[in-house]
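# Structural characterization, general
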Amino acid sequence: MELCPKFEEAFRLLGKRWVGIIIRVLEAGPMRFNEMAEQVPEISKKMLTERLKDLEEQGMVKREVVPETPVRITYRLTDKGEAITPALAEVQKWADEWVEKTGC
């Protein structure tokens, strides 16, 4: 079987550490940077910044600046980002059944 280049590219993006987790966190709705950092305490702020930038470049996350004092910046999933969430829910179902780790 020959793999489709689009499939390979999708896994190149989704296979990056933290990407799936960030998307799952943003499923709850728009969040500020520090709110996301609290949801995923194991990620460094530098890595969170990098991954958000990657997702923004791919059109999966939108960074919104609210012009008030102080300036408020939020991140949300775009339609493209939301379109992957059913697949991530399936990964969660698989993990619930097959991954041996306590919690959840």
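Here goes a summary of the coordinates provided. (Residues numbered from 1 in each chain as written. Predicted model: local features only at pLDDT ≥ 70, side-chain atom pairs only at ≥ 80, totals over all residues. Heavy atoms only, no water.)

With an omega dihedral of -5°, the bond running from Thr69 to Pro70 counts as a cis peptide bond. Among the structural elements, Pro70 can be located in the loop between strand S2 (61-66) and strand S3 (72-77). You will see that Trp18, though not glycine, has its phi angle at about 85°, which is positive. The buried category is assigned to Trp18, whose relative accessible area is 12%. (Helix = DSSP H or I, 4+ residues; strand = E, 2+ residues; numbered from the N terminus. Buried < 20%, exposed > 50% of the residue type's maximum accessible area, 1.4 Å probe, protein only.)

With that settled, the discussion passes to the nonpolar core. Judged by nonpolar contacts, the single largest core of 22 residues is most densely connected at Ile22, Ile23, Leu26, Met36, Leu48 and Leu52. In terms of residues, this core owes the most to one element, helix H2 (residues 19-26), which gives 5 residues. Excluding residues within four positions of it along the chain, Leu26 makes contact with Met31, Met36, Val61, Tyr75 and Leu77. (Core = buried A, V, L, I, M, F, W, Y, C linked by side-chain atoms within 4.5 Å. Contact = heavy atoms within 4.5 Å.)

Right, let's talk about the sheet that holds strand S1 (residues 31-32) for a bit. Sheet architecture is open: 3 strands sit in the order S1-S3-S2, paired in antiparallel fashion. Each edge of the open sheet is held by one strand with a lone partner, namely S1 and S2. Inspection of the sheet shows S2 paired to S3 by 6 bridges, in the antiparallel sense. Bridged to Arg63 within S3 is Tyr75. Against the sheet, H2 touches S1, S2 and S3, its axis set at about 105° to S3. (Pairing = 2+ DSSP bridges. Axes fitted to C-alpha atoms, helices over the stretch in contact; angles between N-to-C directions.)

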